[in-house]
Amino acid sequence: MNLYTFSSPVNFYHLSGKLIPWFTGLAILFTAVGLYISFFVAPTDFQQGEAYRIIFIHVPAAWMSMFIYLVMAFWGAIGLAFNTRMSFMMARALAPTGALFTFLALWTGAWWGKPMWGAWWVWDARLTSELILLFLYVGIIALWAAIDDVKRGDRAGALLTLIGAINIPIIYFSVKWWNTLHQGASINLMKAPTMAKTMLIGMLVMAFAAWFYTLAVAFMRVRGIILERERQSEWVKAILEKD
Amino acid sequence: MEWASWSEFWSMGGYGLYVWGSYGATLLAILIEVMFMQRTSKDTRRRLKRMQQWDLSSSGEAQ
C-alpha cells in the first residue's frame, strides 16, 4: 500500500466511508466550541459592538470559498495532466460546497455591511470579485451538467476552473490594490494580530469546523459519484446487491 | 459571561437582526445542503440498483 492506493476509486470509496463519521464528529465538536467562543468568550468589539460577531462565520466562509476553489483547481490540473479519475471526481464533489460558502460569505457580508456601512451591497473590488467567484462556481457546475460525455465534461470543467483561478489572488489582494470599504485581511502572517486573542481563536476554530464539514460532505458526495461511474465494475455491483 | 440575561443575548446590542440573520442563513444553508445531498445519494443508489436488476433480468432472458 502506498499513496497511490487511494487514487483508485474502490479504495477511496472504502477509505472515505471510514473517514466520514470522524469528519462529521469533528465538524460538530469544532462548531460547538467555536460558537461558544463566538458568543460567550469573545469580548464586545469597541467599534462595532456586537455586530462584529458575524465575523465568526463570515471570515471562515470567505476563506473556504477561496480555498475550496484552489483545491478544485489543483485536482483539475492533476486530472488534466495525469488523467487520474479520482481527481475529477473530487473536483465535482467539492464544487457545490464551494458555491455554498461563497454564497454565505456574500450573504453574511451583506448583513454585516448594512449596519456598519449603511448598505447591503456596494460595487467594490472585494465584493465584486467574490460575486464573480460565485458565478464561476455556478458556471462550472452548469458546464458539467450540460456535457453528457463524462470525460469531456471533466476536462472542460477543469479548464474553466483553472482559467477562473486568476480570480482568487484578485479577491485576496483586492483590499490592498483598490480603495475599498471592506476592511483589510483579518490575519496577516507578517504582523502580530491586531484583534483580541479570543476573537482570533474563535475565528480559527470556526474555520476548522468549516474545513471538517467540507471534508465530510465532499466525501459523501464523491461516494455517490464513484458508484455512478464505476457501476459496471464487480465491486459496485456487490455493494448494490446488499442495498 | 458577557450577557446579563437571555433577552440581552438575543438582542445583540441592537444588532440582533443582522447577527441572527447571518447565523440563521448559515444554519439553513447547511441543512439544505446536507438534506439535498442525502436525497441525491439515496436516489443514485436506488437508480443504479434498478439498472443492475434490469441488466440481470435481460441477460437472463437472453440465455
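This is a predicted model, so every value here is computed, not measured. For every chain, the first residue of the written sequence is number 1, and numbering continues from 1 along that sequence. To label them, take the chains in the order written and letter them from A, then take the ligands in the order written and number them from 1. For this predicted model, a pLDDT threshold of at least 70 governs which residues receive local features, and a threshold of 80 or more governs which side-chain atom pairs are given and counted, while totals over whole chains, interfaces and linings are taken from all residues. Excluding hydrogens and water, the side-chain values take into account all heavy atoms of the structure.

A. Focus on the interface of chain A and chain B. Residue contacts are defined here by distance: any two heavy atoms, one from each residue, within 4.5 Å place the two residues in contact. In this assembly, 40 residues from chain A lie in contact with 28 residues from chain B. When two components associate, each loses some accessible surface as probed by a 1.4 Å sphere; the sum of these losses over both components is called the buried area. Approximately 3200 Å² of surface area, both sides summed, lies buried where chain A meets chain B, with 67% of it carried by carbon and sulfur atoms. Salt bridges are counted wherever a side-chain nitrogen of Lys or Arg sits within 4 Å of a carboxyl oxygen of Asp or Glu. Our enumeration of links across chain A and chain B arrives at two salt bridges. A:Glu228 serves as the salt-bridge partner of B:Arg47, at 3.0 Å between the closest nitrogen and oxygen. Per the convention used, a helix needs a DSSP run of H or I reaching at least four residues, while a strand needs a run of E reaching at least two, with both numbered from the N terminus. Where the side of chain A that touches chain B is concerned, the elements lending two or more residues are helix H1 (9-41), helix H2 (55-82), helix H3 (85-117), helix H7 (197-229) and helix H8 (234-242) of chain A. In this classification, Asp, Glu, Lys and Arg are treated as charged, Ala, Val, Leu, Ile, Met, Phe, Trp, Tyr, Cys and Pro as nonpolar, and every other residue, Gly included, as polar. Here the residues of the side of chain A that touches chain B are counted per class, giving 25 nonpolar, six polar and nine charged.

B. The packing of aromatic side chains, seen in detail. A pair of Phe, Tyr and Trp rings is counted when the ring centres sit within 6.5 Å of each other, with Trp represented by its six-membered ring. The angle between the planes then sorts it: under 30 degrees is stacked, over 60 is edge-to-face, the rest tilted. With the rule as written, the count across this model stands at 33 aromatic pairs over all chains. Ring geometry for A:Phe23 versus A:Phe219: centroids 5.8 Å apart, planes at 65 degrees, classification edge-to-face. Remark: A:Phe219 occurs in helix H7 and A:Phe23 occurs in helix H1; sequence separation between them is 196 residues. The pair formed by A:Phe23 and A:Phe219 is uniform in burial state, with each residue classed as buried. Linked through ring pairs, A:Tyr36, A:Phe39, A:Phe40, B:Trp3, B:Trp6, B:Phe9, B:Trp10, B:Trp20 and B:Tyr23 together constitute an aromatic cluster. Over the aromatic face of A:Tyr13 sits the side chain of A:Arg223, whose NZ or CZ is 4.0 Å from the ring centroid. Here's how the labels work: a residue is buried when its accessible area is under 20% of the maximum for its type, exposed when over 50%, partly exposed in between, all with a 1.4 Å probe on protein chains only. Whether a charge sits over a ring comes down to the Lys NZ or Arg CZ being within 6 Å of the ring centre and within 35 degrees of the ring normal.

C. Quick peek at H2(A). Taking 1.5 Å per residue, 28 residues should reach 40 Å; H2(A) reaches 40 Å between its end C-alpha atoms and fits that length. Just past H2(A), the residue A:Asn83 takes up positive phi, approximately 55 degrees. Each helix should span, by expectation, one fewer than its residue count multiplied by 1.5 Å.

D. Spatial organisation of the packing of helix H4 (residues 125-146) of chain A against helix H6 (residues 167-177) of chain A. Residue and element names in this part refer to chain A. Interhelical geometry of H4 versus H6 gives an angle of 160 degrees and a closest axis separation of 8 Å. By the angle between their directions, the pair H4 and H6 is classed as roughly antiparallel. Between H4 and H6 lies a crossing of left-handed hand. Residues Ala 125, Arg 126, Ser 129, Glu 130, Ile 132, Leu 133 and Leu 136 of H4 pack against Asn 167, Ile 168, Ile 170, Ile 171, Tyr 172, Ser 174 and Val 175 of H6. Angular values range over 0 to 180 degrees, each being the angle between N-to-C directions of two axes fitted as lines to C-alpha atoms, with helices fitted over their stretch in contact. Angular relationships are summarised with four words: roughly parallel below 35 degrees, roughly antiparallel beyond 145, roughly perpendicular across 65 to 115, and oblique for the angles in between. A clockwise turn of the near helix away from the far one marks a right-handed crossing, whereas an anticlockwise turn of less than a right angle marks a left-handed crossing.

E. Structural view of the nonpolar core. Residues A:Tyr69, A:Met72, A:Val222 and A:Ile226 are the most contacted members of the largest nonpolar core, which totals 51 residues. In terms of residues, this core owes the most to one element, H3(A), which gives 12 residues. A:Ile226 has contacts with A:Pro9, A:Phe12, A:Tyr13, A:Met86, A:Met89 and A:Trp235, leaving out every residue within four places of it along the chain. Here, the term nonpolar core denotes a set of buried Ala, Val, Leu, Ile, Met, Phe, Trp, Tyr and Cys residues that are joined through side-chain atoms within 4.5 Å. Counting 23 residues, the second-largest nonpolar core is a separate cluster that includes A:Phe56, A:Trp111, A:Leu200 and B:Phe9.

F. Spatial organisation of the pattern of salt bridges. Residue and element names in this part refer to chain A. Enumeration according to the criterion identifies seven salt bridges over all chains in this entry. The residue Arg 92 makes a salt bridge to Asp 154 at a minimum N-O spacing of 2.8 Å. With Arg 92 in helix H3 and Asp 154 in helix H5 (residues 150-164), this residue pair connects regions lying 62 residues apart in the sequence. Taken individually, Arg 92 and Asp 154 each receive the classification buried, so the pair is uniform in this respect. Measuring nitrogen to oxygen at the nearest pair gives 2.9 Å for the salt bridge that ties Arg 229 to Asp 154. Of this pair, Arg 229 sits in helix H7 while Asp 154 is found in helix H5, placing the two residues 75 residues apart along the sequence. A residue is classified by how much of its surface remains accessible, and Asp 154, at 4% relative accessible area, is buried.

G. Unusual backbone geometry, seen in detail. A positive phi angle is found at A:Asn83, which is not glycine, with a value near 55 degrees. Looking at the element boundaries, A:Asn83 is found in the loop between H2 and H3. One non-glycine residue, B:Met12, lies in the positive phi region at around 50 degrees. Along the chain, B:Met12 falls in the loop between helix H1 (6-11) and helix H2 (16-62). With a relative accessible area of 0%, B:Met12 lands in the buried category.

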